[in-house]
Amino acid sequence: MLEAVFKGHAAFTITAIAISVAFFIMVFLASKKRTDRPVSLALWCTSMVSVLFLTLWANGGTQGAGTCVANLSLLEPFGTEQGLLNCLMFTPVGFMGVIVTRRVVPAFACGVALSALIETAQGALPAIGRACDTSDLVSNSVGSMLGAFIGFALVRFQKSDLTPWRMRRSPAVITCTAFSVLLGTVWITSIQTHSVRATEAVGSAAGDQRHAAVDAVHQAFGDHYAVGNVQFSSSLDSDRGTVMASLPVGFVQVNWPEANEITASLDMSDSGKPSGFPVPGAPAHVGNSTQAKKAATTYAQTHFSWALPGSKTEVSPVGKKASLGWLVSWRRYHNSVLMPMRLDVQIDRTGHVSQLSTRKVPDVATPPSRIKKDEALRIAKSSSPGCQKAEAGELLAVQNRPKWHAVWRIKITCKDSSAIVHINARSGAVEMTEKHPNRA
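Numbering of residues begins from 1 in every chain and follows the order in which that chain's sequence is written. Residues qualify for local features only when their pLDDT is at least 70, as the model is predicted, and side-chain atom pairs are given and counted only at 80 or more; totals for whole chains, interfaces and linings, by contrast, use all residues. Hydrogen atoms and water are omitted, and side-chain values are computed over all heavy atoms in the structure.

1. Regarding the nonpolar core
One recurring pattern in soluble globular proteins: nonpolar side chains tend to sit buried together. Only buried residues count toward a nonpolar core. Its members are Ala, Val, Leu, Ile, Met, Phe, Trp, Tyr and Cys residues joined through side-chain atoms within 4.5 Å. Each residue gets one of three labels from its accessible area relative to the maximum for its type: buried under 20%, exposed over 50%, partly exposed in between, using a 1.4 Å probe on protein chains only. By size, the foremost hydrophobic cluster in this structure holds 54 residues, and its most contacted members are Phe221, Val252, Tyr299, Val345, Ile347 and Leu356. Each residue touching Leu356, except ones within four places of it in the same chain, is listed here: Ala220, Phe221, Ile262, Thr263, Ala264, Tyr299, Phe304, Leu343, Asp344 and Val345. Throughout, a residue-residue contact means that at least one pair of heavy atoms, one from each residue, lies within 4.5 Å.

Laid out in structure tokens, this is it:
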């Protein structure tokens with residue numbers, strides 16, 4: 001929330017500060033003859049007004065279009081920078097609430113109520129352009145609670161003579177009930193909730209995820225590189241995703257939770273010198289595909305020997321006139337069906353590994369194929385009327401959990417778009433179609 005508000009909004013920041021200062025002065029002057037703690041009361045009110053400015057200032061978007069995300073991962077916001085900033089934003093609300101009232105519960109309750117009001121407004125009012133998310137409510141409430149406990153500890157330590165504020169029960173109950181009914185009515189009539197397992201696309205990796213990334217780096221490059229920051233990019237509705245580890249000269253990615261796919265990219269260093277992984281015995285200058293294949297094979301035998309037995313090797317240039325080197329690929333086929341395993345190693349012209357992609361998956365059995373290539377082309381073309389061209393790719397093994405089967409991968413070219421069609425090699429059924437617009 002804070003990032004969305006402050007980035008590129010200098011005028012807003014100045015305006016918010018000026019209004020907050022003016023509000024502080026107004027509350028101080030209005031309360032100095034009615035309470036023995038006018039400064040604390042003014043600071044408390046100002047902290048809440050400042051939070052309202054930060055969270056409800058319209059940014060011109062339309063994210064809060066009558067929806068709210070209910071995040072089932074309660075601890076997620078505390079593993080992200082944004083969640084920690086939200087928590088910090090509400091800490092003064094709880095802290096100053098205890099300094100004023102000398103009570104933890106009212107101070108904490110005000111923080112929770114303020115956060116609930118904000119999320120309700122963000123979800124119900126599209127003009128605000130903010131996204132309603134229960135992760136914000138959780139982090140805001142924890143920040144308010146943390147501030148309240150800090151304030152309570154400070155009050156007890158100082159042993160101040162200020163007496164706690166005592167609120168009359170009836171007005172307090174009426175106010176809380178009316179507030180709850182108001183928010184409940186808005187939620188019932190104006191907001192739809194959508195539950196997800198997680199809302200953050202990228203966050204800090206857990207311990208087992210970091211171990212998987214470190215193991216992948218060690219398998220691919222030994223102890224040559226130190227592993228830096230490790231993050232986890234997850235899908236919104238599952239625990240599956242990608243673990244990403246930064247290296248001094250690039251990155252390594254591992255799929256999660258299987259951890260059987262490794263992707264690595266080793267960039268050029270700041271000095272402009274080659275920064276790829278050196279292959280022992282490779283020439284200092286690789287000038288052709290034969291030398292590149294030999295270097296890649298030497299590397300694969302040491303680091304990914306599982307990919308070599310029974311595999312076909314292909315070498316293709318990368319860049320104009322192989323300016324970026326050669327890509328050496330290993331693939332296995334059973335009964336002409338491409339197996340799911342893969343190993344791709346890019347060797348640059350200095351004999352270093354610059355790119356890497358692996359997938360360690362056991363070979364699988366697929367039902368016998370009955371649909372030949374020509375028939376698969378006809379079926380694919382008939383599924384897309386009006387398209388001019390159909391090109392058959394390979395016959396590959398695809399998993400339809402829990403079983404594997406063979407499909408023909410067909411590219412269909414139309415006037416304004418193209419599509420990739422999967423034809424089941426046994427039944428002839430169209431299993432998947434991916435459409436893509438043609439680029440001018």
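2. As for the state of the cysteines
Only a pair of cysteine sulfur atoms within 2.5 Å counts as a disulfide in this structure description. Under the criterion given, the structure shown has 1 disulfide. Each disulfide pairs two cysteine sulfurs, and for Cys68 the partner residue is Cys132, the sulfurs being separated by 2.0 Å. For the disulfide bridge between Cys68 and Cys132, the dihedral angle about the S-S bond is near -65 degrees, and by the sign convention the bridge is left-handed. Of this pair, Cys68 sits in strand 1 (residues 67-71) while Cys132 sits in strand 2 (residues 132-133), and the two are 64 residues apart along the sequence. The closest cysteine sulfur to the non-disulfide-bonded Cys45 is located on Cys110, 9.4 Å from its own sulfur. Sulfur of Cys110: no disulfide; nearest cysteine sulfur belongs to Cys176 and is 8.4 Å away. A residue is classified by how much of its surface remains accessible, and Cys110, at 30% relative accessible area, is partly exposed. Runs of H or I in DSSP of at least four residues are treated as helices and runs of E of at least two as strands, each being numbered from the N terminus.

3. Thoughts on a nonpolar patch on the surface
The patches reported here contain residues having more than 30% relative accessible area and no salt bridge. Joining distances are 9 Å for like charges and 5 Å for nonpolar side chains (Val, Leu, Ile, Met, Phe, Trp, Tyr). Only the protein chains shown count as cover for residues, with accessible areas throughout obtained via the Shrake-Rupley method and a probe of 1.4 Å. When a carboxyl oxygen of Asp or Glu is within 4 Å of a side-chain nitrogen of Lys or Arg, the pair counts as a salt bridge. A cluster of nonpolar residues, Ile17, Val21, Ile25 and Leu29, forms a patch on the protein surface that exposes about 370 Å² of accessible area. Structurally, the position occupied by Ile25 is in helix 2 (residues 10-31).

4. With respect to the environment of Lys294
Relative to the assigned elements, Lys294 resides in helix 9 (residues 289-303). Accessibility expressed as a relative area gives 63% for Lys294, which makes it exposed. In this structure the C-alpha to C-alpha distance between Lys294 and Val328, which are 34 residues apart in sequence, comes to 9.5 Å.

5. Topic: the packing of helix 3 (residues 38-56) against helix 4 (residues 81-101)
Here helix 3 crosses helix 4 at 155 degrees, and the two axes come no closer than 8 Å. On the basis of the axis angle, helix 3 is roughly antiparallel to helix 4. Handedness of the crossing formed by helix 3 with helix 4: left-handed. Here Ser40, Leu41, Leu43, Trp44, Ser47, Met48, Val51, Leu54 and Thr55 of helix 3 lie close against helix 4, whose contacting residues are Met89, Phe90, Pro92, Val93, Met96, Gly97, Ile99, Val100 and Thr101. Any residue outside Ala, Val, Leu, Ile, Met, Phe, Trp, Tyr, Cys, Pro, Asp, Glu, Lys and Arg is labelled polar, Gly included; the first ten of those are nonpolar and the last four are charged. Split by residue class, the contact of helix 3 with helix 4 holds 13 nonpolar, 5 polar and no charged. Here an axis means a line fitted to C-alpha atoms, over the contact stretch when the element is a helix, while the angle between two N-to-C directions is reported on a 0 to 180 degree scale. Each angle gets one of four labels, with under 35 degrees taken as roughly parallel, over 145 as roughly antiparallel, 65 to 115 as roughly perpendicular, and the rest as oblique. Handedness of a crossing is defined here by the sense of rotation of the near helix relative to the far one, left-handed for an anticlockwise turn of less than a right angle and right-handed for a clockwise turn.

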